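Reading the structure
In case you want the letters, here they are:
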Amino acid sequence: MAPEDVTPDSDRQRIALALGATLYMPGTRPDLVGDSLRVASVGATSVVWCLEDAIEHDAVERAERGVVEALESIRSMPAHRRSRMPLVFVRVRDADQIRRVAAAAGGALTGLTGFSLAKSAVDRVEPMLAATREVSAGLHRPMYAMPILESPEIAYVESRRPALARLAELFAAYDEHVLCVRVGGTDLSGIFGLRRDRDTTIWDVAVVRDALSDILNQFARNGDHVVTGPVWEHIPGPRFLKPQLRTTPFAEHHATSLRRQLINNDVDGLMREINLDKTNGMYGKTVIHPSHISVVNSLLAVHVDEYDDAVAIDQLRERGGVAASRHGRMNEVGPHGRWADQMLARAAVYGVLADDASLVDLLAIGQRVTADEFNLGDAPVRVVS
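All of the points below concern the structure found in this document. Since the model is a prediction, treat every value here as computed from it, not as a measurement.

Conventions and cut-offs
In this convention, every chain numbers its residues from 1, walking through the sequence in written order. Per-residue local features are limited, in this predicted model, to residues with pLDDT of at least 70; the limit for side-chain atom pairs, both in listing and counting, is 80 or more; totals at the level of whole chains, interfaces and linings are taken over all residues. With hydrogens and water stripped out, all remaining heavy atoms of the structure feed into the side-chain values. Helix and strand definitions follow DSSP, with helices as H or I runs of at least four residues and strands as E runs of at least two, each counted in order from the N terminus. In this scheme, a residue with accessible area under 20% of its type's maximum is buried, one over 50% is exposed, and one in between is partly exposed, where area comes from a 1.4 Å probe on protein chains only. The term nonpolar core refers to a set of buried residues drawn from Ala, Val, Leu, Ile, Met, Phe, Trp, Tyr and Cys, joined through side-chain atoms within 4.5 Å. Only heavy atoms matter for contacts: two residues are in contact if any of them lie within 4.5 Å across the pair. A pair is scored as a salt bridge if a Lys or Arg side-chain nitrogen falls within 4 Å of a carboxyl oxygen belonging to Asp or Glu. Throughout this description, a polar contact denotes any pair of N or O atoms lying within 3.5 Å of each other; where both atoms belong to protein, one of them has to be capable of donating a hydrogen while the other can accept it, and for residues adjacent in sequence the pair is counted only when both atoms sit in side chains. What counts as a ring pair is set by centres within 6.5 Å for rings of Phe, Tyr and Trp (its six-membered ring), and what kind of pair is set by the plane angle: stacked under 30 degrees, edge-to-face over 60, tilted for all other angles.

**Here we look at unusual backbone geometry**
- One non-glycine residue, Lys119, lies in the positive phi region at around 50°.
- Relative to the elements of secondary structure, Lys119 occurs in the loop between β4 (114–117) and α6 (122–136).
- You can call Lys119 partly exposed: its relative accessible area is 25%.

**Looking at the environment of Ala310**
- Here Ala310 lies in helix α15 (residues 304–316).
- By relative accessible area, which is 0% here, Ala310 ends up buried.
- For the pair Ala310 and Val333, spaced 23 residues apart in the sequence, the C-alpha separation amounts to 9.8 Å.

**Quick look at the nonpolar core**
- In terms of nonpolar packing, the biggest core is built from 113 residues, with Trp49, Phe115 and Phe171 touching the most fellow members.
- Other than its neighbours up to four places away in sequence, Phe115 contacts Phe89, Val90, Val92, Ile98, Leu109, Thr132, Val135, Met143, Tyr144, Ala145 and Met146.

**Side note on the side chain of Glu64**
- Position of Glu64 relative to the elements: it lies in helix α3 (residues 60–75).
- Residue class for Glu64 comes out buried when judged on its relative accessible area of 11%.
- Ignoring anything within four residues of it in the chain, the contact list for Glu64 reads Leu51, Gln97, Arg100 and Val101.

**A word on the pattern of salt bridges**
- This model, assessed by the stated rule, comprises 25 salt bridges.
- Notably, a salt bridge pairs Arg272 with Asp204, separated by 3.5 Å at the nearest N-O pair. Here the residue Arg272 occupies a position in helix α13 (residues 268–280), and Asp204 occupies one in the loop between α9 (185–191) and α10 (206–219), the gap between them amounting to 68 residues.
- Residue class for Arg272 comes out partly exposed when judged on its relative accessible area of 35%.
- Across the salt bridge formed by Lys285 and Glu273, the nearest N and O atoms sit 2.8 Å from each other. Placement of the pair is Lys285 in strand β8 (residues 285–287) and Glu273 in helix α13, with a sequence separation of 12 residues. The residues Lys285 and Glu273 share a single accessibility class, namely buried.

**Structural notes on the side chain of Glu233**
- Here Glu233 lies in the loop between β7 (229–232) and α11 (248–252).
- For Glu233, a relative accessible area of 15% gives the class buried.
- A polar side-chain atom of Glu233 sits 2.8 Å from a polar atom in the side chain of Thr186.
- Separated by 3.0 Å, the side chains of Glu233 and Arg195 make a polar contact.
- Glu233 has contacts with Thr186, Arg195, Arg196 and Ile288, leaving out every residue within four places of it along the chain.

**Focus on the packing of aromatic side chains**
- Summed over all chains, the structure comprises two aromatic pairs.
- Where Tyr156 meets Phe192, the ring centres are 6.0 Å apart and the plane angle is 85°; that geometry is what we call edge-to-face. On the criterion of sequence distance, the pair formed by Tyr156 in the loop between α7 (152–155) and α8 (157–173) and Phe192 in the loop between α9 and α10 is long-range, its members being 36 residues apart.
- Ring centres of Phe171 and Phe219 lie 5.3 Å apart, and the angle between their planes is 35°; this geometry places the pair in the tilted category. Pair noted here: Phe171 is in helix α8 and Phe219 is in helix α10, with a separation of 48 residues, a long-range link. Summarising the burial analysis for this pair, Phe171 and Phe219 share the class buried.

Rendered as structure tokens:
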């Protein structure tokens, strides 16, 4: 089953689930539109033009001008070219910056899907949500906000749960604007002076894992919000531990060279972290490297075994009870109903994989297209940001 198209005018929940690999690039880049089209051509469905940590402190005004010029460029595009753009967000520092960018962009603001709200502590996020609602006035659809939870009040155990409860109240008050909840794994780690290496997932960092668990507990219950996975911050480099990809699945499908390429590009650790994200209920991921895009999106596709079970569970709703899965599991509406809903929603956005060979093929196509687009052959792909 092929994925469905998602646009800024799609259903809000569908957009949130379809963000996939969200690639960051500094707002100071000279060709934000061209770079965004290039990464879209290799599968990126969303990009963030950053006006915060990714730029120098004295470059804020220049970056704001660059973002506004890029939005004006999008407005002047012919419709067929504009349709190739990914969903575009701007990462902002504060509410005043939201208003400045919106005022400067004017009618070109329609080229933006929304704002990524950095360091969304309780006292900071409400003014930014209010500004997002304010600049949405008169537009044919709401501007969306993606709060990023990465502040000390979220990191520290004694303040975390009261802060999350208050944030939940605020997000409910601005429900039509809150697209998803993002988490800042790098910032949360940095608060404790920690940084995971390429052989370690964010779920191995105990103090951050605890925070992620509470964030999911607060916001992902009942499917209230899509919570996206933290950034994978590694690009190809030296490593000490052995690779985390088994040889057998690739050998069985005559793809040992693909396994070697994935390891050389340091995405085997990323693949493990994505699987742990999914296991814990996080969908989508911030990335900083074009070779990561196809990996994230491929692993978000639904395997046919999962899809078949989800369909079967959905069909059980009318009569209730349990039924044996033809894939060797027990399907039960009560505990598995919400899981089935998630699988069917993901299948609509990312498609269904017929078998293990399909995943290998999808990874191979993604890596090859990325290498071709960035003119690097088998060499590691350059960092866009």
